[in-house]
Amino acid sequence: MMRKYFYLVVICFSFISAKSQYYHDIGFIVGNTFFASDYGEAGNFKNFYANNGISVGAVYYISLENDLQRSWKDYFKVRAELMFMHSNLQHHGTWVDPSRTGLFANQLRAMRGSTNVGNVGVQLEFYPLKTDDNHRGFKCTPYGSIGFQLNGFASKSSSTLGPLGNLITTPVKYLNATRSESAFTTSFSIGAGTRYRLGNYHSLVFDARLLRFNSDWVDGMNPDRTIYTENKANDYSLTLSFGYIYLLM
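Computed from a prediction, not measured in an experiment: that's the story for all the values here.

**Quick notes on the overall build of the protein chain**
Moving on, step 1. Helix and strand counts for the protein chain stand at three helices and eight strands.
Moving on, step 2. Ordered by position in the sequence, the α and β elements of the protein chain form the string α-β-α-β-β-α-β-β-β-β-β.
Moving on, step 3. Here the protein chain holds 249 residues, and 45% of them are scored as buried.
Moving on, step 4. As displayed, the protein chain has an accessible area near 12500 Å², and 64% of this comes from carbon and sulfur atoms.

**Some words on the nonpolar core**
Moving on, step 1. Ranked by internal contacts, the top residues of the largest apolar core, which has 15 residues, are Val117, Phe213 and Val218.
Moving on, step 2. Residues Met83, Tyr143, Val205 and Ile245 belong to the second largest nonpolar core, which totals eight residues.

**Thoughts on the pairing of strand β6 (residues 181-197)**
Moving on, step 1. Relative to β6, strand β5 (residues 140-159) runs antiparallel, the two sharing 16 bridges. Bridged to Gly152 within β6 is Phe184.
Moving on, step 2. Two successive antiparallel strands, β6 and strand β7 (residues 202-213), enclose a turn made up of four residues.

**Description of unusual backbone geometry**
Moving on, step 1. Within the chain, Asn176 stands out as a residue other than glycine whose phi angle is a positive 60 degrees.
Moving on, step 2. Relative to the elements of secondary structure, Asn176 occurs in the loop between β5 and β6.
Moving on, step 3. We classify Asn176 as exposed; its relative accessible area is 79%.

**Focus: the confidence of the model for the protein chain**
Moving on, step 1. Looking at the protein chain, the pLDDT average stands at 86 and 85% of residues meet or exceed 70.
Moving on, step 2. Contacts of residues 15-20 to residues separated by more than four positions or lying in other chains number six contacts, the stretch itself having pLDDT below 50.

**Digging into the packing of aromatic side chains**
Aromatic ring pairs: the centre-centre distance and the angle between the two ring planes describe each pair.
Moving on, step 1. With the rule as written, the count across this model stands at nine aromatic pairs.
Moving on, step 2. On the numbers, 6.2 Å between centres and 45 degrees between planes, the contact of Phe28 with Tyr244 is tilted. Here Tyr244 lies in strand β8 (residues 236-247) and Phe28 lies in strand β1 (residues 23-36), a separation of 216 residues in the sequence.
Moving on, step 3. These aromatic residues form a ring-pair network of at least three members: Tyr75, Phe76 and Phe126.
Moving on, step 4. The positively charged end of Arg179 is found above the aromatic ring belonging to Trp217, 3.7 Å away from the centroid.
Moving on, step 5. In this structure, Arg195 packs its charged tip against the face of Tyr61, placed 4.4 Å from the ring centre.

Calculation rules
Residues numbered from 1 in each chain as written. Predicted model: local features only at pLDDT ≥ 70, side-chain atom pairs only at ≥ 80, totals over all residues. Heavy atoms only, no water. Helix = DSSP H or I, 4+ residues; strand = E, 2+ residues; numbered from the N terminus. Buried < 20%, exposed > 50% of the residue type's maximum accessible area, 1.4 Å probe, protein only. Areas by Shrake-Rupley, 256 points an atom, 1.4 Å probe, with all protein chains shown as cover. Core = buried A, V, L, I, M, F, W, Y, C linked by side-chain atoms within 4.5 Å. Pairing = 2+ DSSP bridges. pLDDT = per-residue confidence, 0-100. Contact = heavy atoms within 4.5 Å. Phe/Tyr/Trp six-rings, centres within 6.5 Å; stacked < 30°, edge-to-face > 60°. Lys NZ or Arg CZ within 6 Å of the ring centre and 35° of its normal.

Shown next as C-alpha cells:
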C-alpha cells in the first residue's frame with residue numbers, strides 16, 4: 001500500500017513538472033515542531049507547547065506562472081519536500097503536578113518518549129496576490145497550502161522506573177499501549193505562510209503548517225479508544241518554519 005502511495009506522488013509531481021516549463025525554486029527550511037500526542041491530558045495546552053522539537057528540510061518549487069500568458073496559473077506553486085522532524089515527549093499538566101505524590105503521578109512523571117519522522121511529499125500553494133516569480137508584484141506574497149505526505153517514523157517509549165509493560169512502571173491506561181518501533185504512515189497538511197523577496201533570485205519564507213497523521217502510533221503510544229474515550233484523534237504536529245529560497249528560473 002505504501003509503495004502505491006509513493007508511486008502516486010511521483011507520477012503526479014512528474015506530470016506537473018512536465019506541464020509547467022516555467023519557474024523553479026530550491027531552498028531549505030528550519031523550524032520548531034509542536035507535537036500533539038497521547039502524552040499528557042487531552043486538551044491541555046502545556047502538553048502541546050512543551051512537547052516540541054526541531055524540523056529541517058529541503059524544498060523544491062515549480063511555479064505554473066508564465067510571463068507570456070496571464071491566467072489562473074499565476075496564483076499557484078507546487079512544492080515537493082523532504083523533511084525531518086524530531087520531538088521528545090513527556091506528560092505535562094494537572095496529573096503530574098508536584099503536589100501529586102501517588103503511584104499514578106510518579107509513573108506518569110517517569111514516562112519518556114521520542115519520535116523521529118521523515119516526510120516526503122507534495123503540496124499545492126495558492127497565492128491570492130499572485131506569486132512573486134515575475135518580480136513585478138508585492139515584496140510580501142502570502143499563501144495558503146494543502147498537501148499530502150508519506151511518513152516514516154521511529155518512536156521510542158521508556159520509563160525512568162524501569163521497562164514499561166508492568167504495573168510497577170506503567171499506569172493501567174498505558175499497559176499494552178506503548179511501542180518502540182519503526183513504521184510508515186501517510187498524512188495530510190494545511191498551512192499558511194508568506195514569502196519575502198530579497199532580490200531577483202533570493203527570497204525568505206515563513207511557514208506555519210498543521211500535519212495530521214493517519215496513525216495514532218507516531219508517538220509510540222495508543223491507549224485503547226473503546227475504554228479511554230478521550231483518545232479521539234490520531235497524532236498531529238504544528239510546525240513553524242523559516243527558510244531561504246533561491247530562484248533557478
